[in-house]
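Given next are the chains, with one letter for each unit.
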Amino acid sequence: MKKIFSILLCFMLIFPSISAFAAKQNIEEITTDTADCIYASVKEAQVGSIGGEWAVIGLARSGTDIPDEYFENYYHTAEKYIKDCEGVLHEKKYTEYSRVILALTAIGKNPTDVAGYNLIAPLEDYDKTVWQGINGAIFALIALDSGNYIPQSTVREKYVNYILEKQTDDGGWTMSGDTADLDVTAMALQALSKYQDNEAVKTATEKALSLISRSQDED
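Residues numbered from 1 in each chain as written. Predicted model: local features only at pLDDT ≥ 70, side-chain atom pairs only at ≥ 80, totals over all residues. Heavy atoms only, no water.

S.K.: Describe in detail the overall build of the chain, supporting the description with residues and values.
M.R.: Counting secondary structure elements, the chain contains eleven helices and zero strands. Secondary structure elements of the chain, listed N to C terminal, follow the sequence α-α-α-α-α-α-α-α-α-α-α. (Helix = DSSP H or I, 4+ residues; strand = E, 2+ residues; numbered from the N terminus.)

Okay, structure coming up:
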């Protein structure tokens, strides 16, 4: 999928008229075309970043007519995978839990009981989740908020504060180094989007939006 999108991006950069044409298309048509491409490319979604949860989430939220069987098959695959690994998706990378939680929530399934395992529970362990760095905190917060899971837990505040502490001087966030990465910055903004009543979050958000705006080209 990345290769297909990279080729398409190259064509759009080389032939600006294609970009102009795409901009005029109806957004529903573009969404449907993209969903059709994903559906054709990922015929049986697995547990994993490639050919897995991102495809399931995109298709589930696209609003296009995807057979229920597609999502049921993914769920049964996830059940078997989780059962086989005894509920431990990864010893260190807790984004594995977050990604699967997001997919299950998107298709209306309960991530607190999958083959008898609670996938939310690992994200309550702040120290283990942030071992992975900013990505761990960002996706844990997005996953927990996707279904308002463990609403009484104080771990959300910890993740919010962790993200705020990691903001770079230029206004964004990055996996490593001191210069903001726009992809990570965009994900951090998604994680913080529900906390705008917090003045520190609001200030950080405005700073990040200013960075993204400055980073855009004229077109």
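Don't stop here, the text continues.
S.K.: Can you explain the environment of Glu79? Please cite residues and give values.
M.R.: For Glu79, the position within the fold is in helix α5 (residues 68-84). If sequence neighbours within four positions are ignored, Glu79 has contacts with Val114 and Ala115. (Contact = heavy atoms within 4.5 Å.)

S.K.: Hey, could you go over the layout of surface pockets for me, with residue numbers and the actual values?
M.R.: Considered as a void within the structure, the largest pocket measures approximately 1,100 Å³ in volume. In this structure, the largest pocket is lined by 32 residues; those nearest its centre are Trp54, Ala55, Ile57, Phe139 and Met187. With six residues, helix α8 (residues 134-146) is the largest single contributor of residues to the lining of the largest pocket. Tallied by class, the residues present in the lining of the largest pocket amount to 17 nonpolar, ten polar and five charged. (1 Å grid on protein atoms, 1.4 Å probe; cavity = no way out; pocket = protein on both sides within 12 Å on 5 of 7 lines; lining within 4 Å. Points joined across faces, edges and corners; volume = space filled by probe spheres on them. Nonpolar A, V, L, I, M, F, W, Y, C, P; charged D, E, K, R; others polar.)

S.K.: Report on the pattern of salt bridges, specifying residues and quantitative values.
M.R.: One side chain can pair with another of opposite charge once the charged atoms of both are near each other. With the rule as written, the count across this model stands at five salt bridges. A salt bridge links Lys109 to Glu72; the nearest nitrogen and oxygen atoms lie 2.9 Å apart. One end of the pair, Lys109, is in the loop between α6 (95-106) and α7 (126-130); the other, Glu72, is in helix α5, and 37 residues separate them in sequence. Exposure remark for Glu72: the relative accessible area of 32% places this residue in the partly exposed category. Put simply, Asp84 and Lys80 hold a salt bridge, and the shortest N to O gap is 2.8 Å. With Asp84 and Lys80 both in helix α5 and four residues apart, this pair spans about one turn of that helix. (Salt bridge = Lys/Arg side-chain N within 4 Å of Asp/Glu carboxyl O. Buried < 20%, exposed > 50% of the residue type's maximum accessible area, 1.4 Å probe, protein only.)

S.K.: So what's going on with α6? Which residues, and what values?
M.R.: Its twelve residues give α6 an end-to-end C-alpha distance of 16 Å, which sits within 8% of 16 Å, the value for a rise of 1.5 Å per residue. Burial analysis of α6 places ten of its twelve residues in the buried class, the great majority of the element. If you check which residues of α6 are buried, you get Thr95, Glu96, Tyr97, Ser98, Arg99, Val100, Ile101, Leu102, Ala103 and Leu104. One or two positions beyond α6, positive phi appears at Gly108, with a value near 80 degrees. (Expected span 1.5 Å × (residues − 1).)

S.K.: Can you tell me about the packing of aromatic side chains, naming the residues and giving the values?
M.R.: The geometry of two aromatic rings is summed up by the distance between their centres and the angle between their planes. Under the definition given, this model contains six aromatic pairs. Ring geometry for Tyr94 and Tyr97: centres 5.1 Å apart, planes at 70 degrees, overall edge-to-face. For the ring pair Tyr126 and Tyr159, a centre distance of 5.6 Å and an interplane angle of 35 degrees mean the geometry is tilted. Within this pair, whereas Tyr126 is found in helix α7, its partner Tyr159 is found in helix α9 (residues 155-165), the two being separated by 33 residues in sequence. One cation-aromatic arrangement involves Lys109 over Tyr75; the distance from NZ or CZ to the ring centre is 4.8 Å. (Phe/Tyr/Trp six-rings, centres within 6.5 Å; stacked < 30°, edge-to-face > 60°. Lys NZ or Arg CZ within 6 Å of the ring centre and 35° of its normal.)

S.K.: Please give an account of helix α10 (residues 182-192) that cites residues and values.
M.R.: Of all the residues in α10, the buried ones are Val184, Thr185, Met187, Ala188, Leu189, Ala191 and Leu192. Check the buried side of α10 and you find it contacts α8, α9 and α11 (199-215). Here α10 starts with a cap whose side-chain oxygen sits 3.0 Å from the backbone nitrogen of Asp183, and that cap is Asp181. (Polar contact = N/O pair within 3.5 Å; in protein donor to acceptor, adjacent residues only side chain to side chain.)

S.K.: Go over the packing of helix α4 (residues 53-61) against α6, please, and point to the residues and values.
M.R.: Across the interface, α4 lies against α6 with an axial gap of 9 Å and an inter-helix angle of 25 degrees. Put simply, α4 runs roughly parallel to α6. The element α4 and its partner α6 pack so that their crossing is left-handed. Here α4 contributes Glu53, Trp54, Val56, Ile57, Ala60 and Arg61 to the contact with α6, which in turn contributes Arg99, Val100, Leu102, Ala103 and Ala106. (Axes fitted to C-alpha atoms, helices over the stretch in contact; angles between N-to-C directions. Parallel < 35°, antiparallel > 145°, perpendicular 65-115°, else oblique. Left-handed = near helix turned anticlockwise from the far one by under 90°.)

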